[in-house]
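Here are the chains, one letter per residue:
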Amino acid sequence: MLKTKKRIVIANWKMNPQTADDAWSLFSGIKKTASKLRFVHTIICPPATYLLDLSDSYRGKNISFGAQNIFWKEKGSFTGEISARQIHDAGARFVLVGHSERRALGETNENVWLKVKAALKERLHVILCIGESERDESGDYLHFLREQLESALNGVKAADLNRTIIAYEPIWAIGKTGEDAITPDKLHEMVLFIRRVLVERYNKTAIDTPIIYGGSVEKENAQGLLERGVVAGFLVGHASLDATEFSSILKIANETKAL
Ligand code: PEP
């Protein structure tokens, strides 16, 4: 079970860096800070080709590793795919599921659901990404988010919710600058909405499910989003590719202790 008293800060490196040497340098830079922070659990999600070497190099408790994707089948003739068991064996304890960039490549809610089930079956922690592409006055985006959440968790037992993190990542805020991120107040509204959907289904069990935010988190907006947005942590894209910037975010998370 996740220690919810710790902040959770996840680095999504996406298809970066381009060489193992660069991945090694980036991880070494981040590790200097991440390994020392008592109140932050850092999760690095590198490209799958770097997972085994990086995870093998670290034995402490403050940093874990995650994959950016899995396939839902256990084994067989699925050229190019990687199973939950394979990423687990390569050192991943977490996996991103339903990231908007994968959904944009054709991943459906049903695919996401199959991946969630495959990951949980393999005893991995799921980082379930949900997020709307735009907002409308009538609030249809809330129905869209509810659908993403409910379909992905269809049949997931309360016991398995303990191994699930919800990453709210509005697509309109991803890959921009800190100024384009959601405001802390709006984020808080979304956290309350997501919590309500979870509690409707799981009652008390859902009270501690970590809800984190992703979308142009930088050191300038990190504190406000954590404190007034009332999230458990962050999923960080571009700012996780710069060890100094990412370490600053980690330190801010360490200082703004979770409730
Ligand atoms: C992401 O793609 O998960 C993400 C949060 O990216 P960025 O931080 O670059 O917006």
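Just above, that's the structure.
Numbers given to residues run from 1 along each chain, matching the order in which its sequence is written. Selection of residues for local features in this predicted model requires a pLDDT of at least 70, selection of side-chain atom pairs for listing and counting requires 80 or more, and totals for whole chains, interfaces and linings are taken over all residues. By convention in this description, side-chain values take in all heavy atoms of the structure and omit both hydrogens and water.

J.: Even after reading the chapter, I still don't get the state of the cysteines, so can you show me in this structure?
T.: Simply put, the disulfide is a covalent bond whose two ends are the sulfur atoms of two cysteines. The definition used for a disulfide is geometric: two cysteine sulfur atoms within 2.5 Å. For the structure shown, the criterion picks out 0 disulfides. C45 carries a free sulfur, and the closest cysteine sulfur to it, the one in C129, is 8.9 Å from it. On the accessibility criterion, C129 (2% relative accessible area) is buried. Relative accessibility decides the category of a residue: with a 1.4 Å probe and only protein chains considered, values under 20% of the type maximum give buried, values over 50% give exposed, and everything between is partly exposed.

J.: It is not clear to me how the site of the ligand should be interpreted in this structure. Could you clarify?
T.: Around the ligand, the surrounding shell holds 14 residues, and the nearest of these are K14, E169, G175, S216 and H238. In the model, an oxygen atom of the ligand is placed 2.8 Å from a nitrogen or oxygen of the S216 main chain. The protein chains shown are the only cover counted for residues, whose accessible areas, like all others here, come from Shrake-Rupley with a 1.4 Å probe. Taking 290 Å² as the accessible area of the ligand by itself, protein coverage stands at 99%. When grouped by side-chain class, the residues that make up the shell around the ligand number 3 nonpolar, 8 polar and 3 charged. A molecule or strand has a residue near it when one of that residue's heavy atoms lies within 4 Å. Here a polar contact is recorded for every N or O atom pair within 3.5 Å, except that within protein the pair must consist of a potential hydrogen donor and a potential acceptor, and residues adjacent in sequence are included only if both atoms are side-chain atoms. In the scheme used here, Gly and all other residues not listed as nonpolar or charged are polar, with Ala, Val, Leu, Ile, Met, Phe, Trp, Tyr, Cys and Pro taken as nonpolar and Asp, Glu, Lys and Arg as charged.

J.: For this particular structure, what's the right way to read the pattern of salt bridges?
T.: Pairs can form between side chains of opposite charge whenever their charged atoms are close. When a carboxyl oxygen of Asp or Glu lies within 4 Å of a side-chain nitrogen of Lys or Arg, that pair is called a salt bridge. Inspection of every chain in the model, using the stated rule, returns 13 salt bridges. With its nearest N and O atoms 2.9 Å apart, the salt bridge here joins E132 to R135. Exposure remark for E132: the relative accessible area of 1% places this residue in the buried category. Between E200 and R146 there is a salt bridge, and its shortest N-O distance comes to 2.9 Å. Here E200 is found in helix α8 (residues 184-202), whereas its partner R146 is found in helix α6 (residues 140-152), with 54 residues between them in sequence. Owing to a relative accessible area of 47%, E200 belongs among the partly exposed residues under this scheme. For helices the rule is a DSSP run of H or I covering at least 4 residues; for strands it is a run of E covering at least 2, with both sets numbered from the N terminus onward.

J.: Hey, could you run me through α8 in this one?
T.: Since one α-helical turn is 3.6 residues long, residues separated by three or four positions face the same way. Taking 1.5 Å of rise per residue, 19 residues should cover 27 Å, and α8 covers 26 Å from first to last C-alpha, within 8% of that figure. All buried positions along α8 are accounted for by P184, L187, M190, V191, F193, I194, V197, L198 and Y202. We call two residues contacting when some pair of their heavy atoms lies within 4.5 Å. Tucked inside the fold, the buried residues of α8 contact β5 (125-130), α6, α7 (158-161), β6 (164-168), β7 (211-214) and α9 (219-227). Two residues or fewer past α8, N203 is found with a positive phi of approximately 55°. Expected helix span is taken as 1.5 Å per residue step, with the number of steps being one fewer than the number of residues.

J.: Before we go on, may I ask you to explain the environment of H238 in this structure?
T.: In this fold, H238 is placed in the loop between β8 (233-236) and α10 (243-255). By relative accessible area, H238 is classed as partly exposed at 36%. Put simply, H238 and I70 are 168 residues apart on the chain and 22 Å apart in space, counted from C-alpha to C-alpha. Filtering out sequence-adjacent residues up to four positions away, H238 remains in contact with G175, K176, S216 and E218.

J.: What exactly am I supposed to notice about the side chain of N254 here?
T.: Examined against the element boundaries, N254 turns out to sit in helix α10. Classification of N254 by relative accessible area gives buried; the value is 16%. Polar contacts involving the side chain of N254 include one to the main-chain amide nitrogen of F39, which spans 2.8 Å. Beyond its immediate chain neighbours, meaning those up to four positions away, N254 contacts L37, R38, F39 and V40.

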